[in-house]
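Chain by chain, the residues:
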Amino acid sequence: MFSLHVDTEREWRGGERQVFQLVTGLRAAGYRAVLVARPDGALARRMREGHDLVPLGPRSDVDVAAAWRVSRILKQSPPHNI
């Protein structure tokens, strides 16, 4: 199974904790879980030891370049439907 998770927050809050637990749990179970997160964000700092971390910091709510990068990831490895 492959899953992609995107988080654009800089701070560490409940959503980031939930993503951290989900991604680390999936990886521990042997699944591939890719995380796209801000390079300057708390979640990316905590996930640095893991593989499949894509540092990406959108410049605005509508960042076409960031959306294009995420679309490239999805084309290379489409997530599995459950």
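Located above this text is the structure these notes cover.
Here we summarise the structure given alongside this text.

## Overview of the overall build of the protein
Looking only at helices and strands, one finds 3 helices and 3 strands in the protein. Starting at the N terminus and ending at the C terminus, the protein contains elements arranged as β-α-β-α-β-α. Its C-alpha atoms give the protein a radius of gyration of 12 Å, near enough to 12 Å, the size a compact globule of 82 residues would have. In terms of its C-alpha atoms, the protein occupies a principal-axis envelope of roughly 35 × 30 × 20 Å. By sequence separation, contacts in the protein at least 24 residues apart represent 50% of the contacts at least 6 residues apart. On the protein, the mean spot of the 13 positive side-chain charges and the mean spot of the 9 negative ones are 4 Å from each other.

## Side note on helix α1 (residues 14-28)
With 15 residues, α1 extends 21 Å between its outermost C-alpha atoms, agreeing within 8% with the 21 Å of an ideal straight helix rising 1.5 Å per residue. Among all positions of α1, only Glu16, Val19, Val23, Leu26 and Arg27 are buried. With its buried residues spanning 105° around the axis, α1 presents them on a single face. Residues of α1 that are exposed and angled more than 90 degrees away from the buried face: Gln18, Gln21 and Ala28. Elements in contact with the buried residues of α1: β1 (2-7), β2 (32-37), α2 (42-47) and β3 (53-55). The first or second residue beyond α1 is Gly30, which carries a positive phi of 95°.

## A closer look at a positive patch on the surface
A cluster of like positive charges, contributed by Arg17, Arg45, Arg46 and Arg48, occupies part of the molecular surface. In this structure, Arg46 sits in helix α2. When its relative accessible area of 42% is taken as the criterion, Arg46 is described as partly exposed.

## Some words on the pattern of salt bridges
Counted according to the given criterion, the structure contains 2 salt bridges. Arg10 is the partner of Asp40 in a salt bridge, and the nearest nitrogen-oxygen pair spans 3.0 Å. Note that Asp40 is positioned in the loop between β2 and α2 and Arg10 in the loop between β1 and α1, a separation of 30 residues in sequence. For Asp40, a relative accessible area of 39% translates into the label partly exposed. In this structure, Asp52 engages Arg32 in a salt bridge whose closest nitrogen and oxygen atoms are separated by 2.9 Å.

The rules behind these values
- Residues numbered from 1 in each chain as written.
- Predicted model: local features only at pLDDT ≥ 70, side-chain atom pairs only at ≥ 80, totals over all residues.
- Heavy atoms only, no water.
- Helix = DSSP H or I, 4+ residues; strand = E, 2+ residues; numbered from the N terminus.
- Rg over C-alpha atoms; globule rule 2.2 N^0.38 Å.
- Contact = heavy atoms within 4.5 Å.
- Lys, Arg positive; Asp, Glu negative; His and termini not counted.
- Charge placed at Lys NZ, Arg CZ, Asp CG, Glu CD.
- Expected span 1.5 Å × (residues − 1).
- Buried < 20%, exposed > 50% of the residue type's maximum accessible area, 1.4 Å probe, protein only.
- Arc of directions from axis to C-beta.
- Patch = residues over 30% accessible without salt bridge, like charges linked within 9 Å, V, L, I, M, F, W, Y side chains within 5 Å.
- Areas by Shrake-Rupley, 256 points an atom, 1.4 Å probe, with all protein chains shown as cover.
- Salt bridge = Lys/Arg side-chain N within 4 Å of Asp/Glu carboxyl O.

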